[in-house]
Amino acid sequence: GRSRYILVGDLDKGSAYEMYDRFGFRDRDVVWGYIGGKIGDMVRLYEWRKEGIGECEALEEMLLSERRRIEDIIEGVRYGKEEYEYRGGRYEIVYEGVKRVLEVFSERYEVSRFEIEPIYRDYLVNKNVLFYEPIRGVVKPQGVLIGRAIREVIRDVL
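For the structure given in this document, a descriptive report is provided here. What you are looking at is a predicted structure, and each value in this text was computed from that prediction instead of being measured. (Residues numbered from 1 in each chain as written. Predicted model: local features only at pLDDT ≥ 70, side-chain atom pairs only at ≥ 80, totals over all residues. Heavy atoms only, no water.)

## Structural notes on the overall build of the protein chain
Phase 1 of the analysis: Helix and strand content of the protein chain: seven helices and five strands.
Phase 2 of the analysis: Helices (α) and strands (β) of the protein chain occur, in sequence order from the N terminus, as α-α-α-α-β-β-α-β-α-β-β-α.
Phase 3 of the analysis: Oriented by its inertia axes, the alpha-carbon framework of the protein chain measures out at about 50 × 45 × 25 Å.
Phase 4 of the analysis: Residue pairs at least 24 apart in sequence account for 55% of intrachain contacts in the protein chain once pairs closer than 6 positions are excluded.
Phase 5 of the analysis: When the accessible surface of the protein chain is split by element, carbon and sulfur atoms take 46% of a total near 9,300 Å². (Helix = DSSP H or I, 4+ residues; strand = E, 2+ residues; numbered from the N terminus. Contact = heavy atoms within 4.5 Å. Areas by Shrake-Rupley, 256 points an atom, 1.4 Å probe, with all protein chains shown as cover.)

See below:
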């Protein structure tokens, strides 16, 4: 009763396209396919463009960066021992658990929280790979870019 949950999410397509125009992005459909309406990714793309790097090249670099980050997480749990604290207990995070969660997002962008083991959901939210929206009880990638990186990792690595 002391506060209200306010979702600060991505922009819808129309609003995103307006922002793309303000940033000077040329191919709005391509940009939408990579970053959607995530303001932070728009700023990252803009910064790359300011350095003289082309839009498509910058988007590919951004995607590669997210892909490598996810691969590093997978490698860490596959070849190391990763523990995570969840609701007062310490749990080992294992490769198969992370793999199961990521595979859920191979076909769908958004799933019910009940489709994912809570320890792994929490762990991947903490690693900024997934986003948990508590009011609707849904889990999804942190953004379109990470969703795309997850699908590539599932296809090529897992």
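## Description of the nonpolar core
Here is a general trend for soluble globular proteins: nonpolar side chains tend to be buried in one another's company.
Phase 1 of the analysis: In terms of nonpolar packing, the biggest core is built from 43 residues, with Ile 35, Ile 70, Leu 102, Phe 105, Val 129 and Ile 150 touching the most fellow members.
Phase 2 of the analysis: For this core, the secondary-structure elements that each account for two or more residues are α1 (13-23), α2 (28-35), α3 (39-50), α4 (55-79), β1 (82-86), α5 (95-104), α6 (118-126) and α7 (144-156).
Phase 3 of the analysis: Element by element, the count of residues in this core is highest for α4, at eight residues. (Core = buried A, V, L, I, M, F, W, Y, C linked by side-chain atoms within 4.5 Å. Buried < 20%, exposed > 50% of the residue type's maximum accessible area, 1.4 Å probe, protein only.)

## With respect to the pattern of salt bridges
Proximity of charged atoms lets side chains of opposite charge pair with each other.
Phase 1 of the analysis: Enumeration over the complete set of coordinates arrives at 20 salt bridges.
Phase 2 of the analysis: A salt bridge links Glu 117 to Arg 100; its shortest N-O distance comes to 2.6 Å. Of this pair, Glu 117 sits in the loop between β3 (111-112) and α6 while Arg 100 is found in helix α5, placing the two residues 17 residues apart along the sequence.
Phase 3 of the analysis: We classify Arg 100 as partly exposed; its relative accessible area is 42%. (Salt bridge = Lys/Arg side-chain N within 4 Å of Asp/Glu carboxyl O.)

## Some thoughts on the packing of aromatic side chains
Phase 1 of the analysis: The full count for this structure, using the stated rule, is six aromatic pairs.
Phase 2 of the analysis: Ring geometry for Phe 23 and Phe 25: centres 5.3 Å apart, planes at 15 degrees, overall stacked. There is no split in this pair, since Phe 23 and Phe 25 are both buried.
Phase 3 of the analysis: Aromatic ring contacts, followed pair by pair, group Tyr 17, Tyr 20, Phe 23, Phe 25, Trp 32 and Tyr 46 into a single cluster.
Phase 4 of the analysis: A cation over a ring is seen here: Arg 78 above Tyr 95, with NZ or CZ 4.3 Å from the ring centre.
Phase 5 of the analysis: The ring of Tyr 34 is capped by Arg 148, whose NZ or CZ atom sits 3.8 Å from the centre of that ring. (Phe/Tyr/Trp six-rings, centres within 6.5 Å; stacked < 30°, edge-to-face > 60°. Lys NZ or Arg CZ within 6 Å of the ring centre and 35° of its normal.)

## Observations regarding the sheet that holds β3
Phase 1 of the analysis: Sheet architecture is open: three strands sit in the order β3-β5-β4, paired in antiparallel fashion. Two strands lie at the open edges of the sheet, namely β3 and β4 (130-133), each paired on one side alone.
Phase 2 of the analysis: Lying on the sheet, α6 is in contact with β4 and β5 (138-141); it crosses β4 at an angle near 115 degrees. (Pairing = 2+ DSSP bridges. Axes fitted to C-alpha atoms, helices over the stretch in contact; angles between N-to-C directions.)

## Remarks on α6
Phase 1 of the analysis: When we look at burial in α6, the residues that qualify are Ile 119, Tyr 120, Arg 121, Tyr 123 and Leu 124.
Phase 2 of the analysis: Asn 128 occupies a position one or two residues after α6 and carries a positive phi of about 60 degrees.

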